[in-house]
Amino acid sequence: MPKADYDRLHLTGDWLCDVELVPAPDSPGTIDSPWGATNIGYIASGDFSGPGLTGHVLPGGGDWPALSLDGQNSYQVNVRAVWQTEDNALIYVRYYGFIDVPKHLLESGIAMSDLDPSSYYFRTAPTFRTGDARYSWLNKILAVGIGRFTQEGLGYRIFQIN
């Protein structure tokens, strides 16, 4: 394909929603294995809100991130959750992503929630599944989330890729 054809390709997005997740205190934590460590964290609760998409994250989902073997405190995020909209539609949400917090920030003694989100990398790529016709458009989009650590757990701003 000639370079001129690539110049016509653009990636744009629109804000979809913000999500706040609260981890369950009874999560199993880290499990070591020959393939690396997996840090299992269940979701206790959460909320999401945006234009046309508002509701609660139901308990029972979770994150099964793999901890990198390079000692750099990088995680490959692997989340499954069920969202319930304010009008009672159920949406299965699945996303992968990456978290990389520089070692000097981890050793600084600053609470994760007090770190400037621009000082670490926290990105996700959510996909959605629902049988509710009102939200069927979600079945056909890819989204990108920018995450941060919060006082209660984790927060994301999610953008629909157009």
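Before reading further, recall that the structure is shown in the block above.
Fair warning: this is a prediction, and the values are worked out from it, not measured in the lab.

**Q** For the nonpolar core, give the residues involved together with the corresponding values.
**A** V19, L53, W83 and F128 are the most contacted members of the largest nonpolar core, which has 31 residues in total. Of all the secondary structure elements, the ones that give two or more residues to this core are β1 (13–23), β3 (37–49), β7 (74–85), β8 (90–100), β9 (121–129), β10 (143–149) and β11 (154–161). Looking at which element gives the most residues to this core, the answer is β7, with 5 residues. The residues touching L53, leaving out its near neighbours within four places in the chain, are L16, C17, F48, W83, T85, I91, Y135 and L138.

**Q** Now, about the layout of surface pockets: what can you tell me, with residues and values included?
**A** Size it by volume and the largest pocket reaches roughly 570 Å³. As for the largest pocket, its lining consists of 26 residues, of which P23, N39, D63, F149 and L154 are closest to the centre. Considering each element in turn, the lining of the largest pocket owes the most residues, 5 residues, to β3. Considering only residue class, the lining of the largest pocket consists of 16 nonpolar, 8 polar and 2 charged.

Basis of the calculations
- Residues numbered from 1 in each chain as written.
- Predicted model: local features only at pLDDT ≥ 70, side-chain atom pairs only at ≥ 80, totals over all residues.
- Heavy atoms only, no water.
- Core = buried A, V, L, I, M, F, W, Y, C linked by side-chain atoms within 4.5 Å.
- Buried < 20%, exposed > 50% of the residue type's maximum accessible area, 1.4 Å probe, protein only.
- Helix = DSSP H or I, 4+ residues; strand = E, 2+ residues; numbered from the N terminus.
- Contact = heavy atoms within 4.5 Å.
- 1 Å grid on protein atoms, 1.4 Å probe; cavity = no way out; pocket = protein on both sides within 12 Å on 5 of 7 lines; lining within 4 Å.
- Points joined across faces, edges and corners; volume = space filled by probe spheres on them.
- Nonpolar A, V, L, I, M, F, W, Y, C, P; charged D, E, K, R; others polar.

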